[in-house]
Amino acid sequence: MNNKCEFVKEAQQILSEGQLLIDEPMKLHTTFKIGGPADFLIFPANIDELKKTLSLISKYELPLTIIGNGSNILVLDKGIRGAVIKLGAPMSYIRQEGTKLIAGAGALLKDVSAFAAEHDLSGLEFACGIPGSIGGAVFMNAGAYDGETKNVVTGVTAVTIDGHIVTYNHDELDFGYRHSVFQDNGQAIAEIEISLTPGDESEIQEKIDGFTQRRESKQPLEMPSAGSTFKRPQGYYAGTLIDQTGLKGFRIGGAQVSEKHAGFVVNAGNATANDVLSLIKAVQQKVYEKHGVKLFPEVRIVGEK
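This structure is a prediction, so every number in the text was calculated from the model and none was measured. (Residues numbered from 1 in each chain as written. Predicted model: local features only at pLDDT ≥ 70, side-chain atom pairs only at ≥ 80, totals over all residues. Heavy atoms only, no water.)

**Remarks on the sheet that holds strand 13 (residues 188–195)**
Okay, step 1: Strand order in this open sheet of five strands is 6-7-13-11-12, and the pairing throughout is antiparallel. With one partner strand each, in any of the chains shown, strand 6 (94–97) and strand 12 (165–169) form the two edges of the open sheet. Adjacent strand axes in the sheet meet at a mean angle of 20 degrees when their direction is disregarded.
Okay, step 2: Note that strand 6 and strand 7 (residues 100–104) share four bridges and pair antiparallel. (Pairing = 2+ DSSP bridges. Helix = DSSP H or I, 4+ residues; strand = E, 2+ residues; numbered from the N terminus. Axes fitted to C-alpha atoms, helices over the stretch in contact; angles between N-to-C directions.)

Written as structure tokens, this is what we have:
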């Protein structure tokens, strides 16, 4: 308890009011609207605060979880022990440098995509409907409509667990399908360099409008979810396999396979993380029994059961 008090006291010297929340329910900070409390939830406002906060967490040897917009995670029902750093609105700046954009890790993908369009820069249209932050997109190499984060990100500034700034060029990011080097090294993504190509704003916007229409017509955006629940199995589409297994609308507790798009598990009403995990397991088992294909979660699962 003394350690907890000392940590809070030192953290409050780094952070402003409202940037440190104690025993905060994570269901308030994820798009799934699910999750128990985080011991400490921290919102750094800039790279300097991120450095100092990570150094402090390291000093007190607290477990560390780093999240972006909370759009691709399932926080378990007992919550998250230690410190959670959420790179959100305070670090959401975007600026133009020629054909490049420099964005804070907390900037939402839809905002970065819109900013690029306004400045006649093409290449980020695919990201217009992904409900995450640019930092989260780098972390998991997010993609949609045949576009991927790895195609446009050419540099990343990150902070190590002990508070040192490191930079990466594109070739050092180890991008793969829903993978980057940050899944292996535990560092906090702070700032991203995005390289785009000059384009015509009206053509770029037309593309964005087309993607938006497709997304709104096919995806269950009206219900809380963490986006696509499963990774795409080679040679198949997860949603199609689940649909062909007759699982649209299949429900356990408050968790349901979306009736609109079978690739999404949605929170249909006061779902617990345990409901979601049970549903994922049941879907995996039934799809394997019918099609012989193994599905793996794309959603990042964090915290304690």
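**Brief notes about the nonpolar core**
Okay, step 1: Membership of the largest hydrophobic core comes to 52 residues, with the highest contact counts inside it found for V153, F182, I192 and I194.
Okay, step 2: Beyond its immediate sequence surroundings of up to four residues, I192 is in contact with L101, I102, A103, G104, A105, I134, G135, V138, V153, G155 and V156.
Okay, step 3: In this structure, I242, A262, V287 and V299 belong to the second largest nonpolar core, which totals 25 residues. (Core = buried A, V, L, I, M, F, W, Y, C linked by side-chain atoms within 4.5 Å. Buried < 20%, exposed > 50% of the residue type's maximum accessible area, 1.4 Å probe, protein only. Contact = heavy atoms within 4.5 Å.)

**Remarks on unusual backbone geometry**
Excluding glycine, residues mostly carry a negative phi; peptide bonds, for their part, are mostly trans.
Okay, step 1: Even without glycine at this site, E61 takes up a positive phi of about 55 degrees.
Okay, step 2: When you line up the elements, E61 lands in the loop between helix 2 (47–59) and strand 3 (64–67).
Okay, step 3: You will see that N141, though not glycine, has its phi angle at about 45 degrees, which is positive.
Okay, step 4: Residue position: N141 is located in the loop between helix 4 (134–140) and strand 9 (143–144).
Okay, step 5: Using a relative accessible area of 0% as the deciding quantity, one classes N141 as buried.

**Topic: the side chain of T30**
Okay, step 1: By the element assignment, T30 lies in the loop between strand 1 (20–25) and strand 2 (37–42).
Okay, step 2: A polar side-chain atom of T30 sits 3.3 Å from the main-chain carbonyl oxygen of I34. (Polar contact = N/O pair within 3.5 Å; in protein donor to acceptor, adjacent residues only side chain to side chain.)

**Quick notes on the environment of G263**
Okay, step 1: Note that G263 resides in the loop between strand 16 (255–257) and strand 17 (265–267).
Okay, step 2: Setting aside residues up to four positions removed in sequence, G263 forms contacts with G227, S228, T229, F230, G239 and I242.

**Describing the pairing of strand 11 (residues 153–159)**
Regular strands place side chains that alternate from one sheet face to the opposite one.
Okay, step 1: Within strand 11, six of the seven residues are buried, which leaves it mostly tucked inside the rest of the structure.
Okay, step 2: Note that strand 11 and strand 13 share six bridges and pair antiparallel. Within strand 13, the position partnered with V156 by the bridge is I192.
Okay, step 3: As defined by bridge partners, strand 11 adjoins strand 12 across five bridges and the pair is classed as antiparallel. Among the inter-strand pairings, V159 is bridged to a residue of strand 12, identified as I165.
Okay, step 4: The hairpin turn running from strand 11 into strand 12, its antiparallel successor, is five residues long, and G163 in that turn takes a positive phi close to 90 degrees.

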